[in-house]
Amino acid sequence: MDRNHQHRSQPIYYGAAYYDEYMPVSRVEDDMALMERAGMNVIRVAESTWSTWEPREGEFDFTRLYRVLDGARRHGISVIVGTPTYAIPPWLARKYPDILVETHTGPSRYGPRQNMDITHPGYRKNCEIIIRKLLEEVQPYENVIGFQLDNETKPYDTCGPRAQAMFLDWLKEKFGTVEAMNKAYGLAYWSNSLGCWEDMPDVRGTICGSLAAEFEAFQRHLVTEFLYWQRSIVDEYRRPDQFVTHNFDFDWKGCSYGIQPNVNHFDIMNGLTVAGCDIYHRSGGELTGMEASFCGDLIRSVNGGENFLVLETQAQGNTEWLPYPGQLRLQAFSLLASGAKQIEYWHWHSIHNGIENYWKGVLSHDFTPGVVYQEVCTIGQDLARLGEHLTGFRRKSRVAILVSNRSLTGIKHSATPSEATPQYNDCLWWLYDVLYRFNIACDILPDTVRDFSGYELVIVPCLYCAGEKLIGALRQYVEDGGHLLATFRSFFTDENLQIRHESQPYGMTDVFGVTYDNFTVPMDVPDVSGWMELLCPAENTEVLAVYNHPAYAGYAAATLHPFGQGSAAYLGTMLCRQKLEELLERLLPAFGIPLPTLRCPVIIKEGVNNLGRRMRYLLNYSDGPCAVPAPEDCVELLSGKTYSSGVEVPLEPWNAAILETADFQ
Amino acid sequence: MDRNHQHRSQPIYYGAAYYDEYMPVSRVEDDMALMERAGMNVIRVAESTWSTWEPREGEFDFTRLYRVLDGARRHGISVIVGTPTYAIPPWLARKYPDILVETHTGPSRYGPRQNMDITHPGYRKNCEIIIRKLLEEVQPYENVIGFQLDNETKPYDTCGPRAQAMFLDWLKEKFGTVEAMNKAYGLAYWSNSLGCWEDMPDVRGTICGSLAAEFEAFQRHLVTEFLYWQRSIVDEYRRPDQFVTHNFDFDWKGCSYGIQPNVNHFDIMNGLTVAGCDIYHRSGGELTGMEASFCGDLIRSVNGGENFLVLETQAQGNTEWLPYPGQLRLQAFSLLASGAKQIEYWHWHSIHNGIENYWKGVLSHDFTPGVVYQEVCTIGQDLARLGEHLTGFRRKSRVAILVSNRSLTGIKHSATPSEATPQYNDCLWWLYDVLYRFNIACDILPDTVRDFSGYELVIVPCLYCAGEKLIGALRQYVEDGGHLLATFRSFFTDENLQIRHESQPYGMTDVFGVTYDNFTVPMDVPDVSGWMELLCPAENTEVLAVYNHPAYAGYAAATLHPFGQGSAAYLGTMLCRQKLEELLERLLPAFGIPLPTLRCPVIIKEGVNNLGRRMRYLLNYSDGPCAVPAPEDCVELLSGKTYSSGVEVPLEPWNAAILETADFQ
Amino acid sequence: MDRNHQHRSQPIYYGAAYYDEYMPVSRVEDDMALMERAGMNVIRVAESTWSTWEPREGEFDFTRLYRVLDGARRHGISVIVGTPTYAIPPWLARKYPDILVETHTGPSRYGPRQNMDITHPGYRKNCEIIIRKLLEEVQPYENVIGFQLDNETKPYDTCGPRAQAMFLDWLKEKFGTVEAMNKAYGLAYWSNSLGCWEDMPDVRGTICGSLAAEFEAFQRHLVTEFLYWQRSIVDEYRRPDQFVTHNFDFDWKGCSYGIQPNVNHFDIMNGLTVAGCDIYHRSGGELTGMEASFCGDLIRSVNGGENFLVLETQAQGNTEWLPYPGQLRLQAFSLLASGAKQIEYWHWHSIHNGIENYWKGVLSHDFTPGVVYQEVCTIGQDLARLGEHLTGFRRKSRVAILVSNRSLTGIKHSATPSEATPQYNDCLWWLYDVLYRFNIACDILPDTVRDFSGYELVIVPCLYCAGEKLIGALRQYVEDGGHLLATFRSFFTDENLQIRHESQPYGMTDVFGVTYDNFTVPMDVPDVSGWMELLCPAENTEVLAVYNHPAYAGYAAATLHPFGQGSAAYLGTMLCRQKLEELLERLLPAFGIPLPTLRCPVIIKEGVNNLGRRMRYLLNYSDGPCAVPAPEDCVELLSGKTYSSGVEVPLEPWNAAILETADFQ
């Protein structure tokens, strides 16, 4: 097993995606020199430019690739090579018209990336050819340190006849008989029961949430299978020291937001040696650092707690994201503080045409080394100077959040009132936000985990879909002394998204000491929104919050209950942030989680570096200066100053401090 | 003629739709026992579950039906059997791919109910088979009291080639020549005149509102024809004591709202023995009782004034509708007070999958008899105890509202400014709302009525489309002493929705004593919104309201005019509610309609019961207690207390009182 | 060259579009008499009524045309004959099903006007037949004064296979090789490079803004070519005294708004003898006169500064546009004051069916001569009485605004944040609005102009796309003493919409004395919105405005810089109106543009009439009376009163005064 085989003492990688292919003039030598000067030491190349490498079928031209690889080598810059398969060339779409993915809304047109059917045999065949050819070409290059499989792969909602036939096989395999499926999915409803497998209709019309969600699970599986397949090809060419990664992304709400609905990050990790991701975040007056923190925690967890790669993050990004002075550097430290060992901007230069010509890079369109480049230089200098202190940064979390793609999909397909009702990631974001503001370190766990013994507290937001084994594991965890915090809608359905017909929360009423059979959307109920379960607490259950409304008198809104050696809290509603903060201020200490005195906008991330020393990143997410007392005798690495315990470390607006303690305590 | 043949002294039917087919475990015996305990005495079965009865073509399985019918029989519960044709099984969609309805937006997919082309011969053939088979199966059951034809039938916007060919025949029949149609519909506009019938284009593209509206009239006719056809089959099997009904629904704006645009309720009634409907309403803090009142008045009128069936209404319903304590019972009395003789919840149990799994029933998903079931029990007890007093409740209205589907469609297709301009049901709702708040009893009449002599006042909201005969009848009505209240946009077009080229309101200028040729959308005009006609009153016309804006000085906004023995008021604009209330406070007494002193939130519904006694339902739609003086010596049936005239009857929040007077006065 | 050959001393034409075809009853004689009585002297006929003239293919019926032409002749009314090709008859759509245009959203349906593929050979063939036939029919009529080619022609987004094949030829012609195009459009991005011309995918899917914009340029060309082709047919029939015009319209945002994106007005003008247009404007409390002024300035400029035709404007128009008393007359003078020599209402009578039955004409549906007709009569009397003073009105502008369809399209296809970012016409409107309110006369120039020497000031709003020649001409203009005012986003891309990779504003940094490489969307920056460039001024550049936000300290928001004999101002952001007004109050005098003391709501338009006298239209766009000092000794033509210089001329609400000075100074 070679996962995370890279030595932790490797330098921090710092760089950008580089596209000679998109340049109006060749600037390789100039750019590599600028990068070197900025302290950059890695670029990512080749993904998304298939038509450059193979302009006509079977006709290859790697001139631009050599040019970049050679240029990088000359300047001591390492290279990550991406397989170019996420954007197909026109000739391939012309050769196989049905290679363009058919989705819920019909056939696609050529033009965008990620518009192909990843199950198409012709696509696979031509992918293999270009991947093999590319890997052959880059084999001689020592400075190629690793490979990225495809990019931000998704199923692209493939649901043409082939995908539907594959899905039918998937269902047959899962259920054996239509009767079993009819029952598991409740297809009798509205007369949708199948009489035989041949009756299976186009899945796109279904009103059965279970079936629709199963199709999405199948689609996620296609992504996993596709990347495993690419990995198997890459393995034939790569050196042992070269890593294999993928660029994971997240759900999107104007920026990275919650878990990715269409991909199983944790499953795909089995096909990688190290996890990578792209993180895009709000900026300017809206910068909070929350996106970097959440996405970092998630991908670090995907990566088994080891340091991961940030394969893309914004230098300037979208027009409205232009960073204030200092913010780029603050974000770089924020990513390292979440466990990144590489920060690559997307992208080096601002592209002069196409749909992302206003998604700006390190350099603006005019290639002038401007204010953003200058800030990049200071970051590069910091990383070069402090590299040995920053590498191998490991965090340890007492708290884990359990996330569930099945639950996300299930809630999406539950026919609840649209706008008012929070979606899965809204709920996840709501909880994580307070933990982030409280400076509580978290790991993020998939719903396949059964052993939670390493954590003081496990949080399960909207675990809508929970099977018996997971329920058993969570029960055992509390029984054995763990603490559990679950929200509304958890434990509501079985693994097929059938709503349980037993008492809610299913299988956990004795653990939480609570049950309910009525819920609604709050109107005119103070301090709550989105969802509201009318909780009936058991006798020895502590009521943490009630609903301040005459119609809901006598019900609890949040509860705490001892169970076995541990305890379990249940939130029946979406409290406003202030109320949630008050509740957690009380619960966390009770669960054995110390509450840091520092709070947002000062973010603190603690861990241990490769030198075995305790490290504390202090990040000031505000436009005002502040000061933080040194928690013990330490060195502030950026300034080189030493601080005795309790002496105040100054923090400029949108700026960071990095405290290192000599002795590991 | 067997319409409404049921004896008025039959008990109030109270129950729920029951779906053994959707159950994760069989609970028939438990559920029937729970129902019996709750005082329930009727269930509706079989509609929408075709794939259960005929899982493969020609292969039938009525096990679950027998189970339910037997269980109901054991517990003294009557059964309404619905034909299962509004949701087709997968094998039928597979057999006839074109059975899936083609609409304005193209072909449909399998999955939802109501997605079939009701003109498809294969659909009809297979409908007939399953209906006959089902009716044979249930013939032995004495406790089957009636049949429901299909469910909430609509044309489903069928406009595939067959429907368009049928529509062309419909047009040929109506007009004889293309020249006649060109003229009637003004097709010369934008060069749309037909040279011959073969020129007829796909009607979906037309910009001729008359043609588009005619197509909708044709579509409504398809529904009527389809239900007549089902009735003819049912009649071959049913006993004389078994009724035939249909589940009418209404326009929808988050809940039942105004008249149903796609169905001719009054026409279809000729194919039924008793009218049924479903009524869904706002709840919790938004409960006003308005939906129950309007829909009840409409369906009672459809049913010739006789007591009707509520085949569906919510127990819990949509997540945000969870009733406050007491509201379910209040609504039950509200429905009875509108003339219902049956109240059936949709549905008994909350479904565990499919698109309505959050539309909750009497029981929540856990089948626990919860607070909603408890309230159902109290209602059942009330009905059992007071049954003979509550049956045969008849209302008498001095006021009729004339409604017009042709006008609704016409206004929809008139190219008026979208958001600002009220649609037909907005205007209907605006007027009915004040009548409801004033506790004025109303009947609702179709635009085919020609004799209005039974009413003191006829209200015609937005009678956009009015033919000569209707105009003549209304003129005669006023001439003979009736009172007419019409709103803006009335009498504007002929039966083909051609705007009249004579003075407006067409054919009625002498009746209203008013004309106008300019109208606009009010901006910055106090107290009015949506529409504004600049009325020029005749000499002996009383101006009831003017526009408070310099540009519209000299015009009237509302007028009153004597004509013959009667009088006619015209509202040229949509007054705000307060102004409309002030205007009606003045007009209604002038029209001989006494104004009750009680007003919303206390609703009063008067009538006479089977015992020949005057009944008054007092309904408190508020969260505060109040008291109402007894209008005469009476018994409050729920408490059994007697009240002398003038003594205050207390009304708890969201609660009802039912006053019965011994002597019919 | 016979452009604008009509003698300037011809009378003002005043009339309406007339549709006997749409009449429920024939009213030709009555209507012509009403028109004559109202002082109307022109009608437009025949456009959009092909199915009346040719009800079946090859079968013609011009009865209604003769009736109207004869009626007009009897009443001394001139006629403009429109070719009827913008609305096809049903038989033509039946004959060629693919005549219905295929657009980005797929095939069209029959029904609307402007739904055909203007490149379809069958369409062209049948167009030619009906045009020739119609022109033959009207040849004998002396009172036919001119022809209108088609109506509001657009490409209707034609992108079916034929159009795409033609576009491919267009690209081949433009680029010669795919390599040249790949480079010019940056198609390497996302692997879109073509390997050969056959690889060209459906252009509708492209994510290359350059390619998408080029396709729109091609579509605009199709319109030009189509109208040239119609002109060539018309020329075979028309007399030398008969003009050829087209009805240009504008972008639309609830009313006429900015330049027309889909048509090259200036190009098409080469196929006309006189320009015509339709202008639709807000009304009632929202009337400002801005639409009439902008559209008038644009079409006057298209027409080479000569008087143009208003072929359509509203009498009543949309329901919400009903004019206040006086507004119709005010608008008539406003149009004349912008250089119109003809005002035609759309339309004479309000249509009784079809999609425009609520777009009302001079007469309401009841044909009664109502208040609008009465106001039309007063206008007609004014025109008749003052005709010789009003004809040949010429304006002279010191200021020109350079408009660019390529820039509009380019900005539309640039992937900038959607809602917050202003589109091209928003920016144009923002600037023109202040000039209008300041009573600064403007000409509007296309981006093909190279000689700006006639103007003191050239304004270039968002000149996103600028080629070397235009840049050179503007440089030279300033060098030679001209003044230039450009906004943000100008000079950003080359002619292929590739973003320049040199310093911004490209080719003009020395002219403006400013450069920038960062820009963003302002958040929480006072007084600016939509776009924000962080300008770095050169040493001798005057900073006119800065951003009041700590993150943007040190950057300029607006600048002024001397260059050669002239000067150049640059606006890096969209200032709020008040700030823009303050800035222009300072800049305009500096550029040699006197600032009138009169401001909105009093609009003044100066010029010279055919008598060689200075004319001043004073237009009061408010509901309050005011008075304006006579700028010199003059006659107020409407009242016939004389005013000595400085004496106040009274202006009633929504009313006009027309001052004529005896001596041309």
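Bear in mind the structure is a predicted one, so any value in this text is a computation, not a measurement.

Asker: Please clarify how the interface of chain A and chain C should be interpreted in this entry.
Answerer: When the parts come together, some accessible area is lost, and that loss is often what is quoted as the size of the interface. Contacts between chain A and chain C engage 48 residues on the former and 52 residues on the latter. Across the interface of chain A and chain C, roughly 4,100 Å² is buried in total on both sides, 55% from carbon and sulfur atoms. Among the residues of chain A in contact with chain C, Arg-109, Asn-353 and Tyr-358 of chain A are the three that bury the most area, contributing 18% of the side total. Applying the counting criterion to the chain A and chain C interface returns three salt bridges. Between Asp-199 of chain C and Arg-94 of chain A there is a salt bridge, with its nearest N and O atoms 3.0 Å apart. Secondary-structure elements contributing two or more residues to the side of chain A that touches chain C are α2 (50-53), α4 (90-95) and α12 (371-390) of chain A. Of the residues in the side of chain A that touches chain C, the class split is 23 nonpolar, 15 polar and ten charged.

Asker: Just checking my understanding: could you explain the pairing of strand β14 (residues 457-460) of chain A for this structure?
Answerer: Each regular strand carries side chains that alternate between the two faces of the sheet. Residues and elements named next belong to chain A. Alternating positions in β14 separate into two faces, Leu-457 and Ile-459 on one and Val-458 and Val-460 on the other, with burial throughout. Looking at chain direction, β14 and strand β15 (residues 483-487) are connected through four bridges and run parallel. Counterpart to Val-458 in the pairing with β15 is Leu-484.

Asker: Explain the packing of aromatic side chains here, please?
Answerer: What characterises a pair of aromatic rings is the spacing of the ring centres plus the angle enclosed by the ring planes. Residue and element names in this part refer to chain C. Per the counting criterion, the structure on display carries 129 aromatic pairs over all chains. Here Phe-333 and Tyr-617 contribute two aromatic rings whose centre-to-centre distance is 6.5 Å and whose plane-to-plane angle is 35°, an arrangement assigned as tilted. On the criterion of sequence distance, the pair formed by Phe-333 in helix α11 (residues 327-337) and Tyr-617 in strand β25 (residues 614-620) is long-range, its members being 284 residues apart. Across this residue pair, the class does not change: Phe-333 and Tyr-617 are buried.

Asker: When you look at the side chain of Ser-397 of chain C in this model, what are you seeing that I'm missing?
Answerer: Residues and elements named next belong to chain C. Relative to the assigned elements, Ser-397 resides in the loop between α12 (371-390) and β12 (399-403). A distance of 3.4 Å separates the side chain of Ser-397 from the backbone oxygen of Cys-442, its partner in a polar contact. In this structure the side chain of Ser-397 is engaged in a polar contact, spanning 3.0 Å, whose partner is the side chain of Asp-443. If near-sequence neighbours (up to four positions away) are discounted, Ser-397 is found in contact with Arg-300, Ala-441, Cys-442, Asp-443, Gly-454 and Tyr-455.

Asker: Sorry, what's going on with the interface of chain A and chain B here?
Answerer: Every contact between the two is made by 52 residues of chain A and, on the other side, 48 residues of chain B. In total, about 4,100 Å² of surface goes out of reach between chain A and chain B, with carbon and sulfur atoms giving 55% of it. Broken down residue by residue, the surface that chain A buries against chain B is led by Tyr-189, Trp-190 and His-501 of chain A, which jointly contribute 19%. Counting the contacts that link chain A with chain B gives three salt bridges. Note that Asp-202 of chain A is salt-bridged to Arg-109 of chain B, the shortest N-O span being 3.8 Å. The tally of links between chain A and chain B comes to 24 residue pairs in polar contact (both at pLDDT 80 or more). Elements represented by at least two residues in the side of chain A that touches chain B include exactly α7 (178-185), α8 (209-235) and β17 (519-520) of chain A.

Asker: It is not clear to me how helix α14 (residues 424-437) of chain C should be interpreted in this structure. Could you clarify?
Answerer: Residues separated by three or four positions in an α-helix point in the same direction, a consequence of the helix having 3.6 residues per turn. All names here are of chain C. Over its 14 residues, α14 runs 20 Å from end to end, which matches the ideal 20 Å to within 8%, given 1.5 Å per residue. Of all 14 residues that make up α14, 13 are buried, and the element is covered over most of its length. One or two residues past the end of α14 sits Asn-439, with phi positive at roughly 60°.

Asker: What am I meant to see in unusual backbone geometry here?
Answerer: If a residue is not glycine, its phi is most likely negative; likewise, a peptide bond is most likely trans. Omega for the bond connecting Gln-504 of chain A with Pro-505 of chain A falls within 30 degrees of zero, at -10°, which places this linkage in the cis form. Checked against the element boundaries, Pro-505 of chain A lands in the loop between β15 and α16 (509-512). In this structure, Asp-527 of chain B is a non-glycine residue whose phi angle is positive, near 75°. Tracing the backbone through its elements, the reader meets Asp-527 of chain B in the loop between β17 (519-520) and β18 (528-533). For Asp-527 of chain B, a relative accessible area of 39% puts it in the partly exposed group.

How each quantity is defined
- Residues numbered from 1 in each chain as written.
- Chains lettered and ligands numbered in written order.
- Predicted model: local features only at pLDDT ≥ 70, side-chain atom pairs only at ≥ 80, totals over all residues.
- Heavy atoms only, no water.
- Contact = heavy atoms within 4.5 Å.
- Buried area = accessible area lost by both parts, 1.4 Å probe.
- Salt bridge = Lys/Arg side-chain N within 4 Å of Asp/Glu carboxyl O.
- Helix = DSSP H or I, 4+ residues; strand = E, 2+ residues; numbered from the N terminus.
- Nonpolar A, V, L, I, M, F, W, Y, C, P; charged D, E, K, R; others polar.
- Buried < 20%, exposed > 50% of the residue type's maximum accessible area, 1.4 Å probe, protein only.
- Pairing = 2+ DSSP bridges.
- Phe/Tyr/Trp six-rings, centres within 6.5 Å; stacked < 30°, edge-to-face > 60°.
- Polar contact = N/O pair within 3.5 Å; in protein donor to acceptor, adjacent residues only side chain to side chain.
- Expected span 1.5 Å × (residues − 1).

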